[in-house]
Structure formats: C-alpha cells, structure tokens
Amino acid sequence: MKGLELAKAYYETYGRPMIEEQFPQYQDRIAVGLVGHGSECFGYDDEISADHDYGPGFQLWLTEEDEREIGFKLFRAYSKLPKKFMGVSMQQLSHYGGDGRGVSTIKDFYQFYTGTGDVPKSLEDWLSIPPFYLAEATNGEVFADPLGEFSRIRKALMEDCPEDVWLKRLASELFYMTQTGQYNYSRCFAHGERGAAAISLNDFAKHTVEACYILNRKYSPYYKWSMRGLRELELLSDVADDLEALLEFPYHLEDNVARIEAICQKVALQLRKAGLVTCDGEYLEGYVYAINNKVKDGNLRNMPVML
C-alpha cells in the first residue's frame, strides 16, 4: 500500500474518531492530511522507501488560536494512537528526515516553505522560494479541512504564482540551458576539460528539467524525483528519455551535441506553440531575452536573467 493511502486509512480508522470523541468542539476547525517532505507525499514511494521515515501517521494543522487552546492536548492524544497499523509500523527516522506527522499550526507549516506562513506577498517573495519547496507545500492530500484556511493557502500557491515570476524563471532556465549545453559543453572538450564538460552536461539536464516544469506551470520536486515527475507532465514528457540518454555517456561529444540540439529544438517548438516567442531556430539565447522582455514589472525585468 502506498504511504498516502496508508495515512488516509489510518486517519479514518483512528484519527477521525479521536477528534470526534476527544475534541468535538474543534472537529470543525482541525485540518488533516499528509503534505510535504517525503516520497509518499508525491506518490513515489516503493519498497525501498519503507526503510526510513515511513509508517502510519498523518498531520493535524491548527490556527494559532486553536493551538494555544488544544495544541498540547491534541499532540498527547495523537501520540497515543496505535504505532502499528495494517501490519506496518514506523521505521527508523533518518538523520536528515523526520516523519513529518503530528500537530503543527497552519502558519508554521507554510512558514517552513514560503518564509511568510501564508501566500507570498511580493514578486521577490515568490521568486525567492525554491520550486521544490512549493512542490512539497502543495503535494499530497488534505483529508479534511472544515475551516478551509489550510486549503486557502494551498490553492493560492498552486494557482496564483504571478505570471512575471513564471516568465523570469523560464528565461533564467533557458539562459543556463544555452550556456551549459549549447555553448560550454563542447568548449570544455576543446580546452581538454573533460570533467568540466561532464559538469556542464549535468547542469544542462538540470536546467532543462526545470524549464519543462515551468512550461507545464508545475513546480519541480526535489531533484531525485524530478525525472520521474517529468515523465508525468502533459508537455515535453519525452524529454526525460532524451536526458537520460544524454547523461549515460557524458564523454560522447558528437552524439551528445546532437542530442542537446534535439532537446533544445523540442523546447523551442513548445515555446512557440505557447505563444511566448516568435523566434526561429534552436539556439536559445534569443528566446531568453524575448521572454525576459515580457516581464511587466520593471524591477524584476531588469534583474539579471541568471537567477
């Protein structure tokens, strides 16, 4: 059973009755779900994932006012729920992990991801948040949110990222694609710097993945899940196979130069289909500045394109 399914079943079996019986006056104010860090929140967990930070559990989110009233009591009640469910018990927590279950305030949950505890207020605030943080803040599932406050922020993070921020990030990723892949990869070979060429190729792949997510208006997850998520995107999902072929033999210069150009051709075509540019050709430098010039906010437009 997937971790998200396990968490929901555990909540329905133990969590919902606990709230209804012990906190009846607050049952219309407590949000519950499983969102955030961990492969299970993306639906990517498998048998390997179950060796740490895995097991039955869910999150409970309170307003700050309600946390002052019942936070500790709710924490104590949650900690007394069975530690084993459907034959699964919590595995050892990793040093850098943590099961992410239990009680927190809505503000504290979003504070970790956005730095504001709410929806970012300015373009700069939006731009400062790593996309994988936004992916984690909006993944998983909310099982219950009668008050609607947790979901209000979640929905805004999903749907209200300003157009200028999308455009600036896209221009930046395209800039790095052309610099690392179309320009510096072969030049590193010409200088005899094979290691630098491999690094350049890796960076090209990383920025190509980011550009593909942006063109789908999606936030890219943490790097180890980004290729898997790329295959699930509506647009440019086939680029995942292209990138894996590219990375398999980093020192096959001639083949990789051709692959880089083919990938850039696919991205350029999608940029034209989306109506973002009228540029021709596969060299992406011209696309970079055409898109950056679409940023309406003057301060953001005039920021360096290399974010």
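Residues numbered from 1 in each chain as written. Predicted model: local features only at pLDDT ≥ 70, side-chain atom pairs only at ≥ 80, totals over all residues. Heavy atoms only, no water.

Before going further, it helps to examine helix H9 (residues 194–215). The end-to-end C-alpha distance of H9, which contains 22 residues, comes to 31 Å, matching closely the 32 Å that a straight helix rising 1.5 Å per residue would cover. Once H9 ends, the next one or two residues include Arg-217, with phi positive near 55 degrees. (Helix = DSSP H or I, 4+ residues; strand = E, 2+ residues; numbered from the N terminus. Expected span 1.5 Å × (residues − 1).)

So, about the nonpolar core. Membership of the largest hydrophobic core comes to 66 residues, with the highest contact counts inside it found for Leu-170, Leu-174, Leu-230, Leu-243 and Leu-271. Per-element tally for this core: the top contributor is helix H8 (residues 163–190), with 11 residues. In this structure Leu-243 touches Phe-204, Ala-205, Thr-208, Val-209, Met-227, Leu-230 and Ile-263, once residues within four positions along its chain are discounted. Counting residues in each nonpolar core, the second largest holds 24 residues, with Tyr-10, Leu-74, Tyr-78 and Phe-143 among its members. (Core = buried A, V, L, I, M, F, W, Y, C linked by side-chain atoms within 4.5 Å. Buried < 20%, exposed > 50% of the residue type's maximum accessible area, 1.4 Å probe, protein only. Contact = heavy atoms within 4.5 Å.)

Turning to the packing of H9 against helix H10 (residues 223–230), a few remarks are in order. Axis separation between H9 and H10 bottoms out at 10 Å; the angle between their running directions is 55 degrees. With respect to their mutual orientation, H9 and H10 come out oblique. Remark: the crossing between H9 and H10 carries left-handed chirality. Only Trp-225, Ser-226, Met-227, Gly-229 and Leu-230 of H10 make contact with H9, whose side of the interface consists of Val-209, Cys-212 and Tyr-213. Across the contact of H9 with H10, the residue classes break down as 6 nonpolar, 2 polar and no charged. (Axes fitted to C-alpha atoms, helices over the stretch in contact; angles between N-to-C directions. Parallel < 35°, antiparallel > 145°, perpendicular 65-115°, else oblique. Left-handed = near helix turned anticlockwise from the far one by under 90°. Nonpolar A, V, L, I, M, F, W, Y, C, P; charged D, E, K, R; others polar.)

What describes a pair of aromatic rings is the distance from one ring centre to the other and the angle between the planes of the rings. Inspection of every chain in the model, using the stated rule, returns 26 aromatic pairs. With a centroid separation of 5.6 Å and an interplanar angle of 75 degrees, the aromatic rings of Tyr-11 and Phe-58 are classed as edge-to-face. Taken together, the residues span a long stretch of sequence, with Tyr-11 in helix H1 (residues 3–22) and Phe-58 in the loop between helix H2 (39–42) and strand S2 (59–62) at a distance of 47 residues. Judged by relative accessible area, Phe-58 falls into the buried class, the value being 0%. On the basis of an interplanar angle of 65 degrees and a centroid distance of 5.5 Å, the ring pair of Trp-61 and Phe-109 is categorised as edge-to-face. Of the two residues, Trp-61 is situated in strand S2 and Phe-109 in helix H4 (residues 106–114); the sequence distance between them amounts to 48 residues. Taking the relative accessible area as the measure of exposure, Trp-61 reaches 1% and is therefore buried. Exposure remark for Phe-109: the relative accessible area of 8% places this residue in the buried category. The positively charged end of Arg-194 is found above the aromatic ring belonging to Tyr-251, 4.1 Å away from the centroid. (Phe/Tyr/Trp six-rings, centres within 6.5 Å; stacked < 30°, edge-to-face > 60°. Lys NZ or Arg CZ within 6 Å of the ring centre and 35° of its normal.)

Once that is clear, we can look at the sheet that holds strand S5 (residues 102–105). Pairing within the open sheet is mixed, and its 4 strands lie in the order S5-S2-S1-S6. At either margin of the open sheet sits one strand with a lone partner, and together these are S5 and strand S6 (141–144). Averaged over all pairs of adjacent strands, the angle between their axes in this sheet comes to 35 degrees, without regard to strand direction. Two strands pair when backbone bridges link them, and strand S1 (residues 31–34) and S6 are joined in this way by 3 bridges, in the antiparallel orientation. The residue of S6 that forms the bridge with Leu-34 is Glu-141. (Pairing = 2+ DSSP bridges.)

Here H9 crosses helix H12 (residues 253–273) at 15 degrees, and the two axes come no closer than 11 Å. The angle between the axes of H9 and H12 places the two elements in the roughly parallel class. Judged by the twist between their axes, the crossing of H9 over H12 is left-handed. Judged by residue contacts, Leu-201, Phe-204, Thr-208 and Leu-215 of H9 engage Asn-256, Ile-260, Ile-263, Cys-264, Val-267, Gln-270 and Leu-271 from H12. Residues that form the contact of H9 with H12 fall into these classes: 8 nonpolar, 3 polar and no charged.

On to the side chain of Ser-220. Relative to the helices and strands, Ser-220 resides in the loop between H9 and H10. Here Ser-220 falls in the buried class, since its relative accessible area comes to 1%. At a separation of 2.8 Å, a polar atom in the side chain of Ser-220 contacts the side chain of Glu-210. If sequence neighbours within four positions are ignored, Ser-220 has contacts with Pro-131, Phe-132, Ala-135, Glu-210 and Tyr-213. (Polar contact = N/O pair within 3.5 Å; in protein donor to acceptor, adjacent residues only side chain to side chain.)

With respect to the helices and strands, Asn-216 occurs in the loop between H9 and H10. A relative accessible area of 13% places Asn-216 in the buried class.

What follows is about the environment of Ala-196. Among the secondary structure elements, Ala-196 is positioned in helix H9. A relative accessible area of 30% means that Ala-196 is categorised as partly exposed. Each C-alpha atom, one on Ala-196 and one on Ile-263, is 21 Å from the other, the two residues being 67 residues apart in sequence.

Right, let's get into H10. One turn of an α-helix holds 3.6 residues; hence residues three or four places apart share an orientation. Regarding H10, the residues found buried are Trp-225, Ser-226, Met-227, Gly-229 and Leu-230. For H10, the secondary structure elements touched by its buried residues are H2, H9 and helix H11 (239–248).

Read these as layout, nothing more, since geometry by itself doesn't imply function.
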